[in-house]
Amino acid sequence: MKWRYLIIVAIAFGFFAGLVSAETDCGEDTGCIQKQIDELTVLLNTNKGEASKIQAKLKSIQSQINVATTKLKLTEANIKDRSEKVSTQYLVLSVKIREMYMRLRSQPLWISLFSTMNMGEVRRELAYRQDSNETDKQVIVSLVSEIGNLESDKKKLEEQKTQLAKLQADLDKQNASFQATIKDLSSKIAVLSAKQQAIIDARSGSFITGVGSVPIGSDYDASIAGFNAGAPSGSFGVFSFGAYTHRKGMSQYGAKARAESQDFESILEAYYGKRPVNKDTGGDIIVNGNSMNFEDKYLMGIAEMPSDWPEAALKAQAVAARTYAYRYKQEGKSICTTESCQVYSETKANNPPEQWKKAVNDTRGKILEDVVTYYSSTTGGYLSTSGWDTTDKSAGGDWTTKAWESKAGSPWFYKAWYRSGYKNSDNSCGRKPWLSEEEMADIINSWLVLKQGEGSGVDTGRIVPVTISSCKVGGQSGEPYSMSELRSKLSNPVTSISGKPVLTNDGSGNTTNVRFSTNRGEINISGLQFKEVFNTRAPGYISIPQKGFAFFNIERK
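If you're wondering where the values come from, they're calculated on a predicted model, not measured in any experiment. (Residues numbered from 1 in each chain as written. Predicted model: local features only at pLDDT ≥ 70, side-chain atom pairs only at ≥ 80, totals over all residues. Heavy atoms only, no water.)

Caption draft 1: Just the overall build of the protein chain, in detail. When helices and strands are counted, the protein chain shows 18 helices and 14 strands. By the burial criterion, 48% of the 557 residues in the protein chain qualify as buried. In the protein chain, once contacts between residues fewer than 6 apart in sequence are set aside, the share between residues at least 24 apart is 75%. Approximately 25600 Å² of the protein chain is accessible, and the part contributed by carbon and sulfur atoms is 51%. (Helix = DSSP H or I, 4+ residues; strand = E, 2+ residues; numbered from the N terminus. Buried < 20%, exposed > 50% of the residue type's maximum accessible area, 1.4 Å probe, protein only. Contact = heavy atoms within 4.5 Å. Areas by Shrake-Rupley, 256 points an atom, 1.4 Å probe, with all protein chains shown as cover.)

Caption draft 2: Inspection of the pairing of strand 12 (residues 511–518) at higher detail. Both strand 11 (residues 497–505) and strand 12 contribute to a ladder of six bridges, which runs antiparallel. Following the sheet pairing, Ile497 is matched in strand 12 by Thr518. Linking strand 11 to strand 12, which pair antiparallel, is a turn of five residues; within it Gly507 sits at a positive phi near 80 degrees. Taken together, the six bridges between strand 12 and strand 13 (residues 521–526) define a ladder with antiparallel strand orientation. When the sheet's bridge partners are listed, Val514 is paired in strand 13 with Ile525. The hairpin turn running from strand 12 into strand 13, its antiparallel successor, is two residues long. (Pairing = 2+ DSSP bridges.)

Caption draft 3: How the structure looks around the pattern of salt bridges. Considering all chains together, one arrives at 22 salt bridges under this definition. Across the pair Glu331 and Lys333 runs a salt bridge, and its minimum N-O distance is 3.1 Å. For Glu331, a relative accessible area of 51% puts it in the exposed group. A single salt-bridge network, built from bridges that share partners, covers Glu311, Lys315, Lys358 and Asp362. (Salt bridge = Lys/Arg side-chain N within 4 Å of Asp/Glu carboxyl O.)

Caption draft 4: Just the state of the cysteines, in detail. Under the criterion given, the structure shown has two disulfides. At a sulfur-sulfur separation of 2.0 Å, the disulfide partner of Cys336 is Cys341. Across the S-S bond linking Cys336 and Cys341, the dihedral sits near 120 degrees, which makes this disulfide right-handed. The residues Cys336 and Cys341 share a single accessibility class, namely buried. (Disulfide = S-S within 2.5 Å.)

Caption draft 5: Structural detail: the packing of helix 16 (residues 437–452) against helix 18 (residues 527–537). Running from N to C, helix 16 and helix 18 cross one another at 110 degrees; their axes reach a closest spacing of 9 Å. Compared by their axis directions, helix 16 and helix 18 come out roughly perpendicular. Crossing handedness for the pair helix 16 and helix 18: right-handed. For the pair helix 16 and helix 18, the contacting residues are Met440, Asp442, Ile443, Ser446, Trp447, Leu450 and Lys451 in the first and Gln529, Phe530, Val533, Phe534 and Arg537 in the second. Of the residues in the contact of helix 16 with helix 18, the class split is seven nonpolar, two polar and three charged. (Axes fitted to C-alpha atoms, helices over the stretch in contact; angles between N-to-C directions. Parallel < 35°, antiparallel > 145°, perpendicular 65-115°, else oblique. Left-handed = near helix turned anticlockwise from the far one by under 90°. Nonpolar A, V, L, I, M, F, W, Y, C, P; charged D, E, K, R; others polar.)

Caption draft 6: Broad picture of the sheet that holds strand 6 (residues 334–335). Across the sheet, three strands lie side by side as 5-4-6; this open sheet has mixed pairing. Each edge of the open sheet is held by one strand with a lone partner, namely strand 5 (290–293) and strand 6. Here two bridges tie strand 4 (residues 284–287) to strand 6, and the two strands are oriented parallel to one another. Residue pairing for strand 6: Ile286 is matched across the bridge by Ser334.

Caption draft 7: Here's a closer look at the sheet that holds strand 13. Spatially, 11-12-13 is the arrangement adopted by the three strands of the open sheet, whose pairing is antiparallel. The sheet terminates laterally at strand 11 and strand 13, the two strands that pair on one side only. Across this sheet, the average inter-strand angle for adjacent strands is 20 degrees, counted without regard to direction. Across the sheet, helix 16 lies against strand 11, strand 12 and strand 13, angled at about 70 degrees from strand 13, the strand it touches most. In the packing of helix 18 onto the sheet, contacts are made with strand 12 and strand 13, and the angle to strand 13 comes to roughly 90 degrees.

Caption draft 8: Structural detail: the packing of helix 9 (residues 264–272) against helix 11 (residues 311–331). In the contact formed by helix 9 and helix 11, the axes pass within 8 Å of each other and the chain directions differ by 55 degrees. Viewed along their axes, helix 9 and helix 11 adopt a mutual orientation that is oblique. Viewed along their axes, helix 9 and helix 11 form a crossing whose handedness is right-handed. Of the residues in helix 11, those in contact with Phe264, Ile267, Leu268 and Tyr272 of helix 9 are Ala312, Ala313, Lys315, Ala316, Val319 and Ala320. Residue classes in the contact of helix 9 with helix 11 are distributed as nine nonpolar, no polar and one charged.

Caption draft 9: Quick look at the packing of aromatic side chains. Counted according to the given criterion, the structure contains 24 aromatic pairs. With centroids separated by 5.2 Å and ring planes inclined at 50 degrees, the aromatic side chains of Phe241 and Trp399 adopt a geometry described as tilted. Placement of the pair is Phe241 in the loop between strand 1 (236–240) and strand 2 (250–251) and Trp399 in helix 14 (residues 399–402), with a sequence separation of 158 residues. For the pair Phe241 and Trp399, a shared accessibility class is recorded, and that class is buried. Here a set of aromatic residues connected by ring pairs shows up, and it is made of Phe227, Phe239, Phe241, Tyr382, Trp388, Trp399, Phe413, Tyr414, Trp434 and Phe551. Stacked on the ring of Tyr271, the Lys or Arg Arg258 has its end atom at 4.9 Å from the ring centre. The lysine or arginine in question, Lys329, covers the ring of Phe294, its NZ or CZ lying 5.9 Å from the ring centre. (Phe/Tyr/Trp six-rings, centres within 6.5 Å; stacked < 30°, edge-to-face > 60°. Lys NZ or Arg CZ within 6 Å of the ring centre and 35° of its normal.)

Caption draft 10: Looking closely at helix 18. Within helix 18, ten of the eleven residues are buried, which leaves it mostly tucked inside the rest of the structure. Burial in helix 18 covers these residues: Gly527, Gln529, Phe530, Lys531, Glu532, Val533, Phe534, Asn535, Thr536 and Arg537.

In structure tokens form, the structure reads like this:
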């Protein structure tokens, strides 16, 4: 029956193979569709230009689920047909057992020897009884085996149907979210000018692969402690959960905290779903067009994590970096030395710190198979590839205290961004990272003007930071509306905000709505729209520097 079971499994799960991608690397199981569904969360938090891409992905996944449903129905029909045959054969089984029982209870053979039967008849009777017993035994054993296999197949079918139903429900939820997003975008804020889009792009930042060789210093003013201590009463602080991240693979600060209680293989499994295997990694790799030894030179110069971090974290980083570069080595491609690939330092390679050297040597030849080992400094507690990066893998309760990055003390975990770049030495335009009530009201008024087009003679292209002339963002300049001018464009502008805004999220690391109580009543702004208008109008270099998603909170003193 083993072959029949394999056919059933192949029919039930064969459709998953087509969904494997370079980024998800999920393999042939139900997790493959689930991971693709999870990826939609990121896509749903993009602009309208991504709509066709999202729709195509939704249709693709739905198509795969439809194929799976059809094949499961065929499997179910097959099992039903087998069940009917077994029911018929069960009656045969009952008769066979009864006949066997009667033969066993019949007159013993030795009595026949004293009867009128001759020896030829005795031999024939003996042969008949033996043959009947063996045949009946085979029938009984075969039916019992089929009944057992049938019950097992029925159980597996029900499990597969349950999994498929869950996947369909998840997809329906994502589709509903997509349709709501498209509806929202259809009535969204006015089309932004090229200048405004350039400002948004500049404030959204670019992906940073890792924390680097030198720890990021703490910017006290950008922390919640600095806000509580230094901001004037009534001020607003917009704090992002992570930034400059693709939210895939391994969180380096998360690995640092995990290293206090987990070995490097467990850390890798937590972030990539796999444990390392041994490969022949000898030979050279091409780096910026130059060939060098892979293990003894290139990996020694990887400058993506401080060398004084815990040993298990360094080993996890060494395996991740080795795996990421191994593809280039195998394919004979040149790998770059910047954050666009992974940072390599010639100086470090020539004189590697002992801790890093040990991490590379102790994990020599170890890589993760069939996975692209993305990593970044801080993801804000949520990864699109593995979910919530907390001690219990949930966002329940006070999740920020359970986040591994929070436990590691990442300065990027919950931060207000107000400099031209991500370094503490970058220009702040002479500002602190908080806004007055008037400035936050101005953000809301900008949204009202852009969305509703209230007032006459409004030049929406002038809705840029009031400080754009002195603090150029994205190289832009212009003549912005002053806050009072912008108020004059509305028949009922926001002039006061009561209490603290209420924010909601979707449970997947995305802020979905911001609710303000104002003089003109309650105002609800979607998380994505708030991020967009905030990055369009906020003064100085204050921003929410996230691409493709919006995960932030608004504090008020």
